[in-house]
Amino acid sequence: MRLALALFLTPCLVGQPAHEDLSGKELLAARSLIERTSMALDDVRRMDAEFVQTQESVLLEKPMVSGGLFYLRAQPACLLLKFNKPRAVEVRSDATSHRVYEPTKNRATRLVFESNELAKALMGVFTQEINSIEKLFVLESLTAGKQDTTISLRPRSKELSGILTKLQLTIRNSDALVLAMRYTNKEDEATHLRLMKVVLHSKGEKLDQIFDAPLPKAVRIQVRQIKKPSKAE
Amino acid sequence: MIGSARMCSLTQILLLIALTVAGAIGVTRLKIDPDVGSVFPQDNRMVQLLQGTSAGQQAARSLFLILESPSIEEQLPGLVHRLQESPLVASVDALKAEFDRDRTAAQTAAPLWYLDDQALRELEQRLQPSGQREGIADSLTLLATDPIGGKQALLSDPLGLRWVFSDSLARSLPEALRGDSPYLLNDRRDTAVIRVMGTRDPFDIDYSQALLADLADRLQGFQMQPVGGYAIAQESSTRIKGDLHSSLSWSIPLILLFLIFSTRSWLLPLLILLPVGAAVVWALGLGSWMLGPVTPIALSSAAILIGLGADFSIHFAGRFEEERKKVDCPSALKTTRSHIGRALLGGMLTSSAAFLAISTGAFPGLRDLGFLLVLGLFFSLFATWVFLPLLLQGCESWLKPRGVDGAGLLIARLTDSPLSAPMALILVGLGGAGWIALGSGGLAFDASPERMRPADSAQARASQQLEEKLGFAPLGLTVVLDQRQPIEPLKDGIADLQRTGVIAFSSGAHRDPLGKTQAAKIEQLRKASAGWAQAAEENLRAAGLGPNAFKAGITSWDTRLSANPPSGQSSGTPLFRWKDLSYWRATLHPHATPRSAKERKELQRTIRGSLPSQVEIIDPGGLSDELGPLLASDLQRSLWTCTLAVLLICILSLKSMRFGLIALAPVVCGLGVSLGLLALLEWPLHPGNFLALPLILGLGVDDGLHMVHRYREVGRAAVRTTGTYIWRTTVTTAIGFGSLISATSPAIASLGLLVLTGTVICFLASILLVPYLLRKMTP
């Protein structure tokens, strides 16, 4: 009897996945929607869009709004945000680096990561990789609307929780495209990114090489290396 | 009687076994000290300065990597990280600022003092209320657009002051290090240069190879061209190994074939070579017990010992064969010993005297070499005297008496021919002309490492390519000046050198803008921006930002802007302390590294002409130029000492002044022609080929002594018998060293040519000139 109990409990305590906040029909609905999103992005090489970003900060009395053009390359994953509001700034992120280029100031800052966890997690949302999102996040809640559905997620790992505490995806019901993303850091500062006029480019299309274009000459660059936080941290 | 002989043989065998075991253990413990620095005299001022300033070590341990890839800039951070993880790497410099570490460190300690005029103006403007507002607006834009780094940038530097400092630092870098990337890239941005510092010196070949293999492994997928000491060490090691392999692969079989053909025995060549091999093992083994780790130069004694030691065995075995035809084995051995003992001892003593003279010099590496050679020669003689008779006795039944040697007959015919006298006189003429050429033209001694490798080696080309990319020589010359002297003349002199294009750029104390003028500018800036921190808080509040969050950032900047260099210190660059004195230190980078001693001398002369007379110039690449003349004078002194010793020993060995002088004829001709050839062709003597001299000296004296001893014993018949043994020693040495002539390393090729020339002339002089002189000068 004891042995049977032990055999029953062991997988429950050790081998079972962490507790899912969503369950039953809602969990199935969320997974089904994510699966549709993934399928919709299956053949996509690049996603272009216009975007508006709202940045909340404990430093600010009211959120700051910015916007511009959004480009996302599926493989190798790379995100390029060309801001035109409040002024021209280009932000480029990939798995190991993050560059902010200010053309009007003729300067750029490059952060070099051992691993750019935040960028990797966020870029995955807009690619076919979204079908494995549950490896990184727990599906927390689902709010289904007429036009779109919002799924809330919570990071599984401590490492990722140190960077963002919450992620919200708004997916259009008709074509399962992710149209908005809102994530919150550990200081409860939210960044809200909303996409408009989304254009998907399939793998066969010939496209401009916008992601790896070098910076113009005479741009001053500062480089900072960001080490992975140790386990103690 | 028979019992006592057996007892004696047993004692000898036990002694040989004990020696061989001790030698073998010693050889297994033999350690090579790869640090070439240990070869140099440690009390030499330039050696001490190089060690004190670490200039030598830094130059030796710098490895530049030229990396090519279409998107190299994006990949560099990851690459640098991968390289830094290597346990074989001390540091990696990829950012431009890292190439001038001293200045960067000094600038971090008192940043304001290192700003140029443009930066001071920009900073003053940025600290004014309007400038502050502009900076805050820029930082807010970053906060709005960059969720990853914007907030951190705003908190730590809300006014964006960091750009003023980084721009000023960029302007202070040499032209080639400027441009739009923090990395060292070419215009097409597909080639980058990074510097890797190793943890050990490149003389440690195993380490050099492991480091390069590790770097290649970590940089897989990139086209990499390493430039520097480690790559040179690997290239040289591969080339020298290849040279030796290709030379030994045919010279050793050829020597064995020659000995088999010449002695007409399969066994005798082995019996001749066994005592030599044993002597080398004993000498190296015992040498390692007594000396500890030996230098690579000292290790080359093995080749010389084989060349000289084989002489003893060849003469002994030849004479034994002769005697054996007349009497039984023990009697033949006894007669051989009694007849050639004096010549063998004389040969050993004269060569030892020459090597002892070398070992009394100032160079520790040569001391070890001389000691090992003397020890080896003693063992060679001992092995010939004790070991070879045992072998000959043991194998006596297999050694069948042979008829007259063909080579001996030919030599005798040549000596007896009417041509021998003119040929002898030609040899005298050649030797004399050689000494005259040497006396008038002189002999250059060039210890520069470039002599050791081909001028168009891959490393030479890569180094040139690197300098073209950078626009300057990455490893410069260091100049030091006593701190009690004013620094202004040094500053002016260096500025002159830069203006006239002698150097491309410089770094060091002279560039520290810590004078009174800079102090006045800083004072003015601080006055103009007094209270900037309070103003910043108000401006942040006005921009809708709570100032409390920015307190730490603003305080940190206030501390940095208030920092001054340590009181009393007039230079931010660390002073060089040496022998209780402090020195200003600067590094000068010419456009290209001088490739020869002549170019180095010219550059140093020009630099010295522009700088204060008290300045010391430390050129890591020019140590050989500094030590070359010292080594040359050491060798010159050794030459005189050993000439005297050799002359004395020859006279004592032959108990006659006249015969002693005649015995020296071969070595006088051999050395005269070899050295004269060097002088005529203007080839310098260098560490790679100077070993030819003791070898020619040892062989030449041996040849002369044996011939004179035998001539006095048997008259003209000596040419046929002893001439044959000299022929054998000459051919074996000539094949062994002559095979090196085709080596790709110029140093090894010139060693081969010198030894070949010297030994052939010594042989010809022994069979033509010595008999001629003996005929003329003896009744």
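Reading the values: rules and limits
- Residues numbered from 1 in each chain as written.
- Chains lettered and ligands numbered in written order.
- Predicted model: local features only at pLDDT ≥ 70, side-chain atom pairs only at ≥ 80, totals over all residues.
- Heavy atoms only, no water.
- Helix = DSSP H or I, 4+ residues; strand = E, 2+ residues; numbered from the N terminus.
- Rg over C-alpha atoms; globule rule 2.2 N^0.38 Å.
- Buried < 20%, exposed > 50% of the residue type's maximum accessible area, 1.4 Å probe, protein only.
- pLDDT = per-residue confidence, 0-100.
- Contact = heavy atoms within 4.5 Å.
- Buried area = accessible area lost by both parts, 1.4 Å probe.
- Salt bridge = Lys/Arg side-chain N within 4 Å of Asp/Glu carboxyl O.
- Polar contact = N/O pair within 3.5 Å; in protein donor to acceptor, adjacent residues only side chain to side chain.
- Phe/Tyr/Trp six-rings, centres within 6.5 Å; stacked < 30°, edge-to-face > 60°.
- Lys NZ or Arg CZ within 6 Å of the ring centre and 35° of its normal.
- Pairing = 2+ DSSP bridges.
- Axes fitted to C-alpha atoms, helices over the stretch in contact; angles between N-to-C directions.
- Core = buried A, V, L, I, M, F, W, Y, C linked by side-chain atoms within 4.5 Å.
- Domains from an automatic or database assignment.
- 1 Å grid on protein atoms, 1.4 Å probe; cavity = no way out; pocket = protein on both sides within 12 Å on 5 of 7 lines; lining within 4 Å.
- Points joined across faces, edges and corners; volume = space filled by probe spheres on them.
- Nonpolar A, V, L, I, M, F, W, Y, C, P; charged D, E, K, R; others polar.
- Parallel < 35°, antiparallel > 145°, perpendicular 65-115°, else oblique.

> Please explain the overall build of chain B as it appears in this structure.
When helices and strands are counted, chain B shows 30 helices and nine strands. In terms of overall dimensions, chain B is more spread out than a globule: its C-alpha atoms have a radius of gyration of 35 Å, far above the 28 Å expected for 779 residues. Reported as C-alpha extents along the three principal axes, the dimensions of chain B are approximately 120 × 50 × 45 Å. Put simply, chain B has 779 residues, and 55% of those count as buried.

> Can you help me understand unusual backbone geometry in this one?
Outside of glycine, negative phi angles account for most residues, and trans bonds account for most peptide bonds. Residues and elements named next belong to chain A. Residues Q75 and P76 are joined by a peptide bond in cis, for which omega reads -15°. The linkage connecting K85 with the following residue, P86, adopts the cis geometry, with an omega of 5°. Its location among the elements puts P86 in the loop between β3 (78-85) and β4 (89-94). We note that N106 has phi near 60°; this positive angle belongs to a residue other than glycine. Position of N106 relative to the elements: it lies in the loop between β5 (97-102) and β6 (107-113). Unusually for a residue other than glycine, D188 sits at a positive phi of about 65°.

> Got a minute to help me understand the confidence of the model for chain B in this structure?
A low pLDDT means the predicted coordinates there should not be read in detail. When pLDDT is averaged along chain B, the result is 84; 91% of the residues meet or exceed 70. Here helix α13 (residues 296-299) of chain B stands out as the least confident element of chain B, with mean pLDDT 66; helix α6 (residues 117-127) of chain B is the most confident, with 93.

> Just to check I follow, could you spell out the interface of chain B and chain A for this structure?
On the side of chain A, 48 residues touch chain B, which itself brings 37 residues to the contact. Surface buried jointly by chain B and chain A totals about 3,400 Å² across both partners, of which 57% is contributed by carbon and sulfur atoms. For A:K105, the salt bridge is made with B:E134, and the minimal N-O distance between the two is 3.1 Å. Put simply, chain B and chain A have 11 residue pairs in polar contact (both at pLDDT 80 or more) between them. Those elements that provide at least two residues to the side of chain B that touches chain A are α4 (72-84), α7 (129-145), α8 (150-156) and α9 (162-172) of chain B.

> How do you make sense of the packing of aromatic side chains when you look at a structure like this?
For any pair of aromatic rings, the description rests on two quantities: the centre-to-centre distance and the angle between the ring planes. The full count for this structure, using the stated rule, is 12 aromatic pairs over all chains. When the centroid spacing of 5.1 Å and the interplanar angle of 80° are considered together, the rings of A:F51 and A:F83 count as edge-to-face. Here the residue A:F51 occupies a position in strand β1 (residues 44-55), and A:F83 occupies one in strand β3, the gap between them amounting to 32 residues. Of the residues examined, A:F51 reaches a relative accessible area of 2% and is grouped as buried. Seen from their ring centres, B:W282 and B:F379 are 5.7 Å apart, and the 75° between their planes marks the pair as edge-to-face. Residue B:W282 is found in helix α12 (residues 267-291), and its partner B:F379 is found in helix α16 (residues 364-394); the two are separated by 97 residues along the sequence. The exposure classification of B:W282 matches that of B:F379, with both residues buried. The aromatic ring of B:W557 is capped on one face by B:R560, whose charged end is 4.0 Å from the ring centroid. The ring of B:F659 carries the charged tip of B:R658 above its face, separated from the ring centre by 5.6 Å.

> Would you take a moment to explain the side chain of A:R92 for this structure?
Looking at where A:R92 falls in the secondary structure, it is placed in strand β4. Within the local environment of A:R92, its side chain forms a polar contact with the backbone oxygen of A:F211, the two atoms lying 2.7 Å apart. In this structure the side chain of A:R92 is engaged in a polar contact, spanning 3.0 Å, whose partner is the side chain of A:D212. Not counting chain neighbours up to four residues away, the residues in contact with A:R92 comprise A:R73, A:C78, A:L79, A:L80, A:S97, A:H98, A:R99, A:F211, A:D212 and B:E74.

> In this structure, what is going on with the sheet that holds strand β3 (residues 191-198) of chain B? I would like to understand it.
Sheet strands pair by backbone hydrogen bonding; their relative direction is either parallel or antiparallel. Residue and element names in this part refer to chain B. In spatial order, the strands read β2-β3-β1-β4; together these four strands make up an open sheet with antiparallel pairing. Looking along the sheet, the strands with just one partner apiece sit at the ends: β2 (89-93) and β4 (223-228). Averaged over all pairs of adjacent strands, the angle between their axes in this sheet comes to 25°, without regard to strand direction. Sheet topology places β2 next to β3; four bridges connect them, and they run antiparallel. The residue bridging S91 from the neighbouring strand is M197, located in β3. Each of β1 (62-68), β2, β3 and β4 is contacted by helix α10 (residues 205-218), which is oriented at about 25° to β1, the strand it contacts most. Against the sheet, helix α11 (residues 229-263) touches β1, β3 and β4, its axis set at about 95° to β4.

> I would appreciate a short explanation of the nonpolar core in the present structure.
Inside soluble globular proteins, nonpolar side chains tend to come together where they are buried. All names here are of chain B. The biggest cluster of nonpolar side chains holds 112 residues, and the ones touching the most others in it are L271, F355, L392, F690 and V708. Considering every element that reaches this core, the biggest residue donor is α16, with 16 residues. Here this core spans two domains, and each of domain 1 (1-30 + 264-403) and domain 2 (406-464 + 623-779) adds at least three residues to it. Those residues in contact with V708 that lie beyond four places of it in its chain are L654, F659, I662, A663, V770 and L774.

> Honestly, the pattern of salt bridges in this entry has me stumped. Any pointers?
Pairing between side chains becomes possible if they bear opposite charge and their charged atoms approach one another. Tallying each qualifying case throughout the model produces 37 salt bridges over all chains. The salt bridge partner of A:R107 is B:D138, with a shortest N-O separation of 3.7 Å. Of this pair, A:R107 sits in strand β6 while B:D138 sits in helix α7, which puts the two residues in different chains. Put simply, A:E140 and A:R154 hold a salt bridge, and the shortest N to O gap is 3.1 Å. Here A:R154 lies in strand β8 (residues 148-155) and A:E140 lies in strand β7 (residues 137-144), a separation of 14 residues in the sequence. Three or more residues joined by partner-sharing salt bridges are found here, namely A:R87, A:E102, A:K105, A:R107, B:R126, B:E134 and B:D138.

> How should empty space enclosed by the protein be read in this particular structure?
Scanning all chains against the criterion turns up three cavities of 30 Å³ or more. Computed from the structure, the largest cavity encloses a volume of approximately 220 Å³. Lining the largest cavity are 21 residues, and of these A:L79, A:L81, A:L122, A:Y183 and B:P147 lie nearest its centre. No other element matches helix α3 (residues 117-125) of chain A, which puts four residues into the lining of the largest cavity. In the lining of the largest cavity, the residues fall into 15 nonpolar, five polar and one charged. The computed volume of the second largest cavity comes to approximately 80 Å³. Together, B:H315, B:R319, B:H339, B:I340, B:A343, B:H706, B:H709, B:R710, B:E713, B:T722 and B:Y725 line the second largest cavity.

> Would you take a moment to explain the packing of helix α28 (residues 692-714) of chain B against helix α29 (residues 718-738) of chain B for this structure?
How two helices sit against one another is set out by the angle between their axes and by the gap between those axes. Residues and elements named next belong to chain B. Here α28 crosses α29 at 170°, and the two axes come no closer than 9 Å. For the element pair α28 / α29, the angle class is roughly antiparallel. Here L695, L699, D703, H706, M707, R710, Y711 and V714 of α28 lie close against α29, whose contacting residues are A718, V719, T721, T722, G723, Y725, I726, T729, T730, T733 and F737. Counted by class, the contact of α28 with α29 contains 10 nonpolar, seven polar and two charged residues.

> Teacher, can you tell me more about the side chain of B:S86 here?
With respect to the helices and strands, B:S86 occurs in the loop between α4 and β2. Residue class for B:S86 comes out buried when judged on its relative accessible area of 3%.

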